[in-house]
Amino acid sequence: MAEKITLSDLNKTLAEMNVQSLEGLTIEGDVEIEIDAGAGGVGPLFAYYFGQEAAKIAMQLMNFAKAVGYPVENLLQPVAIAQAMSPAPKDLAAAAAAVPAFKVASALASAKFSVGIDKTWRNTIQEVTLGATKADGGSRGHVVKLGGEKAMPFFPDAGMPHAPKITMDVFDMPIGMAKAVKVHYEDVINSPGEWAKKAVKKYGADMVTVHLISTDPLLKDTSAQDAVKTVEEVLQAVDVPICIGGSGNPTKDPIVLSKAAEAAQGERCLIASANLNMDWEKIGKACKDNGHVCLAWTQLEINSQKELNRKLMKVAGVPRESIVMDPTTAALAYGLDFAYSNMERIRLGALKGDEELTFPMSSGTTNAWGVRESWMVRSPNKDDSDWGDRMLRGPIWEILTGYSLAMAGVDIFMMMHPTAVAYLHEITQSLMGRIEAKTPDTTAWLKMGV
Amino acid sequence: MKETSPLNLYKQLPQTNCKKCGEETCMAYAAGLISRTRKVEECTPLIDEKKYAKKLETLRSIVAPELKMVYIGVGEKQVKVGGEDVMFRHQMTFFNKPPFAYDVADNMDEAKLIERVKKISTWRKFYIGKWQNVEMIAVRSVSDDPAKFAACVKTVMANSDFPLILCSFNPAVLKAGLEVAAKAKPLIYAANKDNWKEVAQLAFDYKVPVTLSVPFDLDALKSMALTFAGMGLTDLILDPGTAPNGKLLQQTLLNFINLRRAAVEEAQRDIAYPVMVLPINAWLTTEDPVRAAYWESVLTAAFIIRGGAIMIKHSLEAYSMMPDMHLRFNIYTDPRTPVQVKPGIYKVGKPGPESPVFLTTNFALTYYTVESDIASNGIDAYIIAINTDGIGVQASVAGGQLSPTKILDSFTEAAFDWAGQKYPAMVLPGMAAKFSGELEDLFQGKTKIMVGPEDSGRIIGWMKDFWPPK
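Bear in mind that the values here come from a model prediction, so they are computed numbers and not experimental data.

Student: Looking at this model, I keep getting lost on the overall build of chain B. Mind explaining?
Tutor: Each helix and strand in chain B was counted, giving 17 helices and 17 strands. In terms of overall dimensions, chain B has a C-alpha envelope of 80 × 65 × 40 Å along the principal axes. For chain B, contacts bridging at least 24 residues in sequence account for 65% of all contacts bridging at least 6.

Student: Any chance you could explain the interface of chain A and chain B here in plain terms?
Tutor: Often, the extent of an interface is quoted as the loss of accessible area on bringing the components together. On the side of chain B, 91 residues touch chain A, which itself brings 80 residues to the contact. Elements represented by at least two residues in the side of chain A that touches chain B include exactly α5 (80-85), α13 (336-351), α14 (372-375), α15 (390-408) and α16 (418-431) of chain A. Per-element tally for the side of chain A that touches chain B: the top contributor is α15(A), with nine residues. The residue makeup of the side of chain A that touches chain B, split by class, is 42 nonpolar, 23 polar and 15 charged.

Student: For this particular structure, what's the right way to read the nonpolar core?
Tutor: A:V208, A:I244, A:I271, A:C294, B:I137, B:L166 and B:L212 are the most contacted members of the largest nonpolar core, which has 247 residues in total. Looking at this core element by element, the count peaks at 11 residues for helix α11 (residues 289-305) of chain B. In this structure A:C294 touches A:I271, A:A274, A:I283, A:G284, A:C287, A:L312, A:V318, A:S322 and A:I323, once residues within four positions along its chain are discounted. One finds B:L9, B:L13, B:C21 and B:V40 within the second-largest nonpolar core, a separate group that totals 14 residues.

Student: It is not clear to me how the domain arrangement of chain B should be interpreted in this structure. Could you clarify?
Tutor: As far as domains go, chain B holds domain 1 (6-63), domain 2 (69-331) and domain 3 (344-466). Centre-to-centre, using C-alpha coordinates, domain 1 of chain B lies 47 Å away from domain 3 of chain B.

Student: Honestly, unusual backbone geometry in this entry has me stumped. Any pointers?
Tutor: Phi is mostly negative for residues that are not glycine, and the peptide bonds are mostly trans. Cis geometry marks the peptide bond from A:A272 to A:S273; its omega dihedral reads 0 degrees. The topology assignment puts A:S273 in strand β8 (residues 270-275). The backbone phi angle of A:R268 is positive, close to 50 degrees, even though this residue is not glycine. A positive phi angle is found at B:K19, which is not glycine, with a value near 70 degrees. Topologically, B:K19 is positioned in the loop between α1 (6-10) and α2 (26-34).

Student: Which parts of the structure should I look at to understand the pairing of strand β2 (residues 79-82) of chain B?
Tutor: Both faces of the sheet carry side chains from a regular strand, because those side chains alternate between them. Residues and elements named next belong to chain B. Of the pairings in the sheet, the one linking strand β1 (residues 69-72) to β2 comprises four bridges and is antiparallel in character. Within the sheet, the bridge partner assigned to M69 lies in β2 and is G82. As consecutive antiparallel partners, β1 and β2 are separated by six residues, and within that stretch G73 has a phi angle of approximately 85 degrees, a positive value.

Student: Help me out: how do you make sense of the sheet that holds strand β15 (residues 381-386) of chain B in this one?
Tutor: By definition, the strands of a sheet pair up through backbone hydrogen bonds, in either a parallel or an antiparallel sense. Residues and elements named next belong to chain B. Across the sheet, five strands lie side by side as β13-β15-β14-β16-β17; this open sheet has mixed pairing. This sheet does not close on itself; its edge strands, each paired only once, are β13 (344-348) and β17 (448-451). Between one strand and the next, the sheet's axes are offset by a mean angle of 30 degrees, whatever the strand orientation. Relative to β17, strand β16 (residues 425-428) runs parallel, the two being bridged by four bridges. Bridge pairing links A425 to K448 in β17. Running at roughly 120 degrees to β15, helix α15 (residues 404-413) makes contact with β14 (357-361) and β15 of the sheet.

Student: Would you mind going over the packing of helix α6 (residues 146-159) of chain B against helix α7 (residues 171-181) of chain B with me for this structure?
Tutor: Two packed helices can be described by the angle between their axes and the distance between those axes. All names here are of chain B. For the pair α6 and α7, interaxial distance at closest approach is 8 Å and the crossing angle is 30 degrees. Crossing hand, α6 versus α7: right-handed. Together, P146, A147, F149, A150, V153, K154 and M157 of α6 and A172, V173, A176, G177, E179, V180 and A181 of α7 make up the contact between the two elements. The residue inventory of the contact of α6 with α7, partitioned by class, reads 11 nonpolar, one polar and two charged.

Student: Would you mind going over the environment of A:K202 with me for this structure?
Tutor: Residue and element names in this part refer to chain A. Looking at the element boundaries, K202 is found in helix α8 (residues 192-202). K202 sits in the exposed class, given 11 other C-beta atoms within 10 Å. Counting along the chain gives 90 residues from K202 to K112, while the straight-line C-alpha distance between them is 49 Å.

Student: Is there a simple way to think about α15(A) in this case?
Tutor: Every α-helical turn comprises 3.6 residues, leaving residues that sit three or four positions apart pointing alike. All names here are of chain A. Spanning 19 residues, α15 covers 27 Å between terminal C-alpha atoms, matching the ideal 27 Å at 1.5 Å per step. Taking burial as the measure, the 19 residues of α15 include 17 buried ones, the bulk of the element. Of the residues trailing α15, G409 is marked for its positive phi of about 125 degrees.

Student: Looking at this structure, how should I read the sheet that holds strand β7 (residues 164-167) of chain B?
Tutor: Residues and elements named next belong to chain B. Spatially, eight strands are ordered β10-β9-β8-β7-β6-β3-β12-β11 in an open sheet, and the strand pairing comes out parallel. Two strands lie at the open edges of the sheet, namely β10 (236-239) and β11 (276-277), each paired on one side alone. Looking at chain direction, β7 and strand β8 (residues 187-191) are connected through three bridges and run parallel. When the bridges of β8 are listed, C167 appears paired with Y189.

Student: I keep staring at the packing of α11(B) against helix α12 (residues 318-331) of chain B and nothing clicks. Help me out?
Tutor: All names here are of chain B. Look at α11 against α12: their axes get within 9 Å of each other, and the N-to-C directions meet at 5 degrees. Taken together, α11 and α12 sit at an angle that is classed as roughly parallel. Facing α11, whose interface residues are A293, Y294, E296, S297, T300, A301, I304 and I305, α12 presents S320, P323, D324, L327, R328 and I331. Looking at the contact of α11 with α12, its residues break down into eight nonpolar, three polar and three charged.

Student: Explanation requested: the confidence of the model for chain A in the structure shown.
Tutor: Regions with low pLDDT should not have their predicted coordinates read in detail. Residue and element names in this part refer to chain A. In this model, chain A carries an average pLDDT of 85, and 78% of its residues clear a pLDDT of 70 or more. Across residues 19-53, where pLDDT falls below 50, the model places 61 contacts with residues more than four positions away in sequence or in other chains. This model gives residues 71-87 a pLDDT under 50, and the stretch forms 23 contacts once residues within four places in sequence are excluded.

Student: Would you take a moment to explain the environment of B:S141 for this structure?
Tutor: By secondary structure assignment, the location of B:S141 is in the loop between β6 (136-140) and α6. Spatially, the C-alpha atom of B:S141 lies 51 Å from that of B:Y10, the residues being 131 residues apart in sequence.

Student: Teacher, can you tell me more about the confidence of the model for chain B here?
Tutor: Summing up the model confidence of chain B, the mean pLDDT is 94 and the portion of residues at 70 or higher is 100%. If you check the scores for this complex, the pTM reads 0.82 and the ipTM reads 0.84.

Student: Looking at this model, I keep getting lost on the pairing of strand β12 (residues 410-415) of chain A. Mind explaining?
Tutor: All names here are of chain A. Burial runs high along β12: six of the six residues are buried. As defined by bridge partners, strand β5 (residues 165-171) adjoins β12 across four bridges and the pair is classed as parallel. Following the sheet pairing, I166 is matched in β12 by F413. Alignment of strand β11 (residues 361-363) against β12, held across three bridges, turns out to be parallel. Bridge pairing links M361 to V410 in β12.

Scoring rules and cut-offs
- Residues numbered from 1 in each chain as written.
- Chains lettered and ligands numbered in written order.
- Predicted model: local features only at pLDDT ≥ 70, side-chain atom pairs only at ≥ 80, totals over all residues.
- Helix = DSSP H or I, 4+ residues; strand = E, 2+ residues; numbered from the N terminus.
- Contact = placed C-beta atoms within 7 Å.
- Nonpolar A, V, L, I, M, F, W, Y, C, P; charged D, E, K, R; others polar.
- Core = buried A, V, L, I, M, F, W, Y, C linked by C-beta atoms within 7 Å.
- Buried ≥ 20, exposed ≤ 12 C-beta atoms within 10 Å, placed from the backbone.
- Domains from an automatic or database assignment.
- Pairing = 2+ DSSP bridges.
- Axes fitted to C-alpha atoms, helices over the stretch in contact; angles between N-to-C directions.
- Left-handed = near helix turned anticlockwise from the far one by under 90°.
- Expected span 1.5 Å × (residues − 1).
- Parallel < 35°, antiparallel > 145°, perpendicular 65-115°, else oblique.
- pLDDT = per-residue confidence, 0-100.

Rendered as structure tokens:
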């Protein structure tokens, strides 16, 4: 909404009045007097509307024009707003006189930057241990610790006691996978034990999750006994802590998961998961009775999460140190904004004092592979720019889904693609200051040749 | 804006309930100012009438964003940078998504330069009813030669109307670029501890916003910001340094968090300027272009979430641009706006008795994706959007918001005319396949239950194989 009168307009007008030259005025280029009615700003009105340099020139021109009897008010007609605010030329002149000419400072001002910490964060997130070693009645080679945060992740207020952890998915039957993922598991797809070994030995997983999806009545409807065998196979194959996942069937999961919990007694597994739409009490009790940790899963709703956590503690008797939350991961481009803010609100609520939310969080980051942009060869929309190589596109989809939720407060990630696992590990370690590397000159990009 | 009560803004309004802004009352308008859905300029009496001058000035200072907003470029492609009020998006919303400026260099040969500029300018991706695009071009002076830089800027401007960032620490080079581009109001990069006097003069002479580059020294950065503000130069962008690796990367994030906190939580106006991120620095850490592009995406993601206001980037590979664009879109989506469509029957194209009925949920993302996949392939169809409280198919099947009885009720409520259909059949999303048996029973065999693809992008192929039903 800027109105402009340019110096050439002025010159033209002055030329019509037979003015030959302007004494004491040096002008370079085509200077514009610009009035930006919409912009915000501070300072004397005159400077606000004209800008300092333009003001100086305008004043000189006006004085000159006045001296030769030119109607200055008419000259400034386009400047309706400025006139409304400060109509009289003598006021303008007074304001202009108060504006110093632009002068480069002779030295930098001295200053100290400081900022406080957030004092509204009072709670500590519950520390939860997964896995049990021989000393604690299990057979795991090490344990994994989650939680313990006193601040938002990677914030300056307090360090994070534990780095985010990754548990890699293992399925108890062959499933459909994106091509970029499948190429890594084709050789182990029929053996949960071998699959688990590969995840740990080759891809460096902190944990593995064995998903007992074949128990789904709509899939193979395998029995709880079959599921127990699979869990035992995985416990034998690797010595990392494990997570035991059901099929998601609300009727079958309580049966399968409680049997599996019994079979894995003392191993302090993460049992995934209890949900308000099923017999959460049975699952909660199975966790409590067999020394496991219960994953409390809700669908993107903070109040349901509070309700489920409360019920698991008060009704099923699950101890505080045995609860992890899964508030649902909607992946990048498929509702990540909801998942992100839901988790961030949960974590902030916990830190600010809501005892029903002070638990570590888990993310089903593998959901990224359900997003078409992660796996489709090309766009269904003909007008999109080319989507590029999907084998490279997919892993970033999983990295960014997980990584953004790490910023919201997730402590443990269920993931699939080895590259995604490696990058998520590297960036979260980096942000905790745990990776030594020679940092290049950060201004060298200016002249880099790529 | 720290103010949260409309009452305190109401005090600065004419209080005449003149309705010129479109609201019934000045109080309603004040509430709109609080939520930043209305602008001060929309109260015309306040702007036009001299007696309100003081109120106007007070109001403007109250509603100014905590983090200064800087305009770069002119006309339609102008970008707004900064202008944020909150630390976390759910506290209100983030307003101005950080523009992505992709780089070109003044030592590129002309053909390659033009090709890259065109690629940057035309890249696009459709998502939830909108085109996602790149916003800016950053011109780097590798040559350090003013004439070469000016020529490069000229070529860029001849092939793109995107706002520019002119990048050099050499004032002579910047001046040469400004001679060509100043009218398009580019951002200049950058003043540093060696050249700040000359660059300040340039920013003043050419009336352009300027970046202050003081890596990893917030005291010195603040000192430079104060100095520039003292000279009347307040269209500032801060570059506190972007380290792509090592412990300095952690420091980078801490700096961004601290700067945002100082601006929006502590109202430290003398440092409350938009902050620049340089994900391009990932390219300084490796020779491997895939590794560099991946790491660039990772750096981008961190600062989309935590306080980056403008970014200079390099990788034009779709595999890194797409996720970055979507993450930015998601994080800068206004969480206050519902993302549901109205449940019910929708027509795509000109559906008739021989058209299929596709079923999906009322989650806006799901609905628009299905709609665009059907429409862009020229298929005439009905879509029924089931009310799942705005939850997508997969999650609502798992969570029970989508169920066979809900589907039956929805068709009944919408009074869908099955009798008028030549092939009375509904197409379930592949992810809801398990409902088909129960639905057959509920619809008593009168409506055929077909299972569609798991992704609506495959509807076109599915139509060829399965429609019309045998």
